[in-house]
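A closer look at the structure
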Amino acid sequence: MGEFDLIARYFSQAGAKRADTQLGIGDDGAVLQVRDGYDLVITTDTMVCGTHFFADVDPRALGHKLVAVNVSDLAAMGAEPAWLSLALTLPEVKEDWLAEFAAGLHETADYYHCQLIGGDTTRGPLSLTMIAKGLVPHGKAITRSGAKVGDYIYVTGTLGDAALGLKLVQGQHQVSKKHQGHLLQRFHYPSARVALGQALRNLASSAMDISDGLAGDLPHILRRSGVGAFIDINRIPMSQALKDSCDQAEALQLALSGGEDYELLFTVPESRRGALDVLLSPYGVPVTCIGRITGASGKLELKAGEQAISYQHTGFVHF
């Protein structure tokens, strides 16, 4: 099967068609109708076999995850997902694998109302790069640089489940059958908090998604905003599956440094906390206050109540 046959069979025919896509796959470039009064948000994420996923991963799950992790970046900036581009590097053409991967990609793109509009296909070690584009009202994108001293720090959902799911896949941890499905779902099929991210446009002073672990990602906000923070480890939300499957120290390490949660991490000024509770209640996603922004630039302190604790682990780093 040639490159263009591959594209036509697996990536051109399926998936949502957006009215603002004037020209999609099949030409030298896509043509998009960008709305007046909106800014375009663009993010890129690469997943490499052996680093971000195993060679024997379910290709349908891989297609889902590739879309979800990119859309999660858009969600963290309050953007509405719109278009996707895919650079796909394959060692060989396996039609069964491609059919499942494409199915996972398209069904997840449809769920988030995105359209695959183009990309590139090459031969080489298995690697997937996606560029996601989204729209946000002009001037309303939430960035990492807006946190102020006194702001409260929040996270959505629970932390650490995906990291424990990875340990389960690797055979490094025993988990009761009661919790296996939940943990594997969190690892293989993350959810992007898109609707909640858009609700935060007029509430959050800064935001990002948690991909490399809370302890590794929060410092990005601190550096960009020129502030510090303290986190109360007793407030970090953990699922019952995590607490039942690990002792307290391991659960805390997974929640702080495990990564791949794709939950939102954001800050809110004190004057908007009441509005936060009201506006986010319809979304059905737990939101937990875990700490506060301080004036110690770049410094992250961990506390258990009022007692400072020492913690050596950081989040995932590539180099």
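Scroll up to find the structure this text is about.
Before going into details, it helps to say that this report is about the structure given with it.

Each value, and the rule that gives it
Residues numbered from 1 in each chain as written. Predicted model: local features only at pLDDT ≥ 70, side-chain atom pairs only at ≥ 80, totals over all residues. Heavy atoms only, no water. Helix = DSSP H or I, 4+ residues; strand = E, 2+ residues; numbered from the N terminus. Expected span 1.5 Å × (residues − 1). Buried < 20%, exposed > 50% of the residue type's maximum accessible area, 1.4 Å probe, protein only. Axes fitted to C-alpha atoms, helices over the stretch in contact; angles between N-to-C directions. Left-handed = near helix turned anticlockwise from the far one by under 90°. Contact = heavy atoms within 4.5 Å. Nonpolar A, V, L, I, M, F, W, Y, C, P; charged D, E, K, R; others polar. Patch = residues over 30% accessible without salt bridge, like charges linked within 9 Å, V, L, I, M, F, W, Y side chains within 5 Å. Areas by Shrake-Rupley, 256 points an atom, 1.4 Å probe, with all protein chains shown as cover. Salt bridge = Lys/Arg side-chain N within 4 Å of Asp/Glu carboxyl O. Pairing = 2+ DSSP bridges.

Quick notes on helix α7 (residues 214-225)
The α-helix winds at 3.6 residues per turn, so residues separated by three or four positions along the chain end up facing the same way. Over its twelve residues, α7 runs 17 Å from end to end, which matches the ideal 16 Å to within 8%, given 1.5 Å per residue. Within α7, nine of the twelve residues are buried, leaving the element largely enclosed by the surrounding structure. All of the buried residues in α7 are Leu-214, Ala-215, Gly-216, Asp-217, Leu-218, Pro-219, Ile-221, Leu-222 and Ser-225. With its phi angle positive at about 70°, Gly-226 sits one or two positions after the end of α7.

Comments concerning the packing of helix α2 (residues 59-76) against helix α3 (residues 95-111)
Running from N to C, α2 and α3 cross one another at 35°; their axes reach a closest spacing of 7 Å. Classified by chirality, the crossing of α3 by α2 is right-handed. Along the contact surface, α2 presents Pro-59, Arg-60, Leu-62, Gly-63, His-64, Leu-66, Val-67 and Ala-68, while α3 presents Trp-97, Glu-100, Phe-101, Ala-103, Gly-104, Leu-105, Glu-107, Thr-108 and Ala-109. Looking at the contact of α2 with α3 residue by residue, the class counts come to ten nonpolar, four polar and three charged.

A closer look at the environment of Leu-135
Among the structural elements, Leu-135 can be located in strand β6 (residues 127-137). For Leu-135, a relative accessible area of 0% translates into the label buried. Residues Leu-135 and Gly-78, 57 residues apart in the sequence, show an inter-C-alpha distance of 8.6 Å. Those residues in contact with Leu-135 that lie beyond four places of it in its chain are Asp-20, Val-34, Arg-35, Tyr-38, Asp-39, Leu-40, Ala-79, Glu-80, Trp-83 and Arg-201.

Looking at a nonpolar patch on the surface
There is a patch of nonpolar side chains on the surface, built from Val-34, Leu-40 and Ile-42 and spanning about 250 Å² of accessible area. Along the chain, Val-34 falls in the loop between β2 (31-32) and β3 (38-48).

What about the pairing of strand β9 (residues 228-232)?
For β9, a buried count of four out of five residues is recorded, marking the element as mostly surrounded by other parts of the structure. Pairing analysis gives four bridges linking β9 to strand β11 (residues 287-294), with the strands arranged antiparallel. Residue pairing for β11: Ala-229 is matched across the bridge by Ile-293.

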